[in-house]
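Each chain, letter by letter, is given below.
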Amino acid sequence: VTGTPKPPTTELDDIFISVKTTKSYHDSRLAMIVKTWFQLAKDQTWFFTDTDDPYYQEKTNGHLINTKCSQGHFRKALCCKMSAELDVFLESGKKWFCHFDDDNYVNIPRLVKLLDEYSPTVDWYLGKPSISSPLEIHLDSKNTTLNKKITFWFATGGAGFCLSRALTLKMLPIAGGGKFISIGDKIRFPDDVTMGFIIEHLLKVPLTVVDNFHSHLEPMEFIRPDTYQDQVSFSYALMKNQWNVVKVDGFDTKTDPRRFYSLHCKLFPYFSYCPHR
Ligand code: UDP
Ligand code: MN
């Protein structure tokens, strides 16, 4: 019996994984990624930072990109990095663009499995919002006194999101070649909001909610250990002197306060530094 032919499968090498980072996080956040999930996607993962760093340039096999964007957690600097991520992806020819923050743990095999369920030749904006209703913004246009109210969803950058090549090709004329920054300047919102504005509002492509992405805006302890395999991303944060981290057994909390290594060993116990039983 011949069934319908299976569409081409997505492999790890079809994915461009970009991680936004900054000089002051190289020794802390970047170091942890390099020792954990980066090892499972060395050729596909690129780090977008704001300085040259020979030490991590070597650790990442030359995958550290100095965007020359300014350092600092302000809108312009963040939009500048996202713009660089998008432009390098467009040049790469890969089928999927996935963005993550440097406080994300990315479950590589699960990411591949997720994207395998979608076609890169169809417009896909996959991610997870962190607000319960669409964002409402007011656009003031120069030529009119009218204040236009618009609403749209956006995927939280800190949970990670993925875009199909088809979608990014539609974005190219309006947001490619650095134009992403101008759009951010126009609406005066952060990079992930700007992304949602371009995709949902300008291109009318709806966000597809994927619950397996997680930012530290959600309580990490509620993700059940028996479901870790099924999650695409995790995060961690220190909030009011309290760690918002996954509740995973493993290394003691002094050695691994962010639970990054413990989570990695839970998912991939064969790594050399994982405790062997
Ligand atoms: N970041 C940056 N420049 C900065 C501070 C942060 O590029 O000066 C990046 C950081 O590396 C991370 C993202 O922005 O990928 C979010 O930063 P953070 O987690 O510190 O803040 P959050 O927005 O999650 O509260
Ligand atoms: Mn964060």
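Criteria and thresholds
- Residues numbered from 1 in each chain as written.
- Chains lettered and ligands numbered in written order.
- Predicted model: local features only at pLDDT ≥ 70, side-chain atom pairs only at ≥ 80, totals over all residues.
- Heavy atoms only, no water.
- Helix = DSSP H or I, 4+ residues; strand = E, 2+ residues; numbered from the N terminus.
- Polar contact = N/O pair within 3.5 Å; in protein donor to acceptor, adjacent residues only side chain to side chain.
- Donors = N, O, S within 2.8 Å, 3.2 Å for Na, K, Ca; no water.
- Core = buried A, V, L, I, M, F, W, Y, C linked by side-chain atoms within 4.5 Å.
- Buried < 20%, exposed > 50% of the residue type's maximum accessible area, 1.4 Å probe, protein only.
- Contact = heavy atoms within 4.5 Å.

Participant: Help me understand the side chain of aspartate 50 in this model?
Facilitator: Mapped onto the elements of the fold, aspartate 50 is located in the loop between β2 (45-49) and α2 (54-59). Of the polar contacts made by the side chain of aspartate 50, one reaches the side chain of lysine 81; its length is 2.8 Å.

Participant: What exactly am I supposed to notice about the coordination of the manganese ion (ligand 2) here?
Facilitator: Each pair of donors in an ideal octahedron of six around a metal sits at 90 or 180 degrees, and each pair in an ideal tetrahedron of four sits at 109.5 degrees. Of the protein atoms, only Asp103 (OD) and His216 (NE2) coordinate the manganese ion (ligand 2), at distances of 2.0 to 2.2 Å. With aspartate 103 in the loop between β4 (96-101) and β5 (104-106) and histidine 216 in the loop between β10 (207-209) and β11 (233-235), this residue pair connects regions lying 113 residues apart in the sequence.

Participant: Quick question: what am I supposed to make of the nonpolar core here?
Facilitator: If you look at the biggest cluster of nonpolar residues, it comprises 48 residues, and the most contacted ones within it are Trp37, Leu111 and Leu115. Every element with two or more residues in this core is listed here: β1 (15-20), α1 (26-35), β4, β5, α4 (108-115) and α8 (260-267). Dropping the residues within four chain positions of it, leucine 111 is found in contact with Ile15, Ile17, Cys98, Phe100, Val106, Cys162 and Val232. Counting residues in each nonpolar core, the second largest holds 33 residues, with Met82, Ala84, Leu86 and Phe180 among its members.

Participant: In this structure, what is going on with the environment of lysine 149? I would like to understand it.
Facilitator: Along the chain, lysine 149 turns up in strand β8 (residues 147-152). Through-space distance from the C-alpha of lysine 149 to that of phenylalanine 222 is 36 Å; in sequence the pair is 73 residues apart. Apart from residues lying up to four places away in sequence, lysine 149 is in contact with Glu136, Ile137 and His138.

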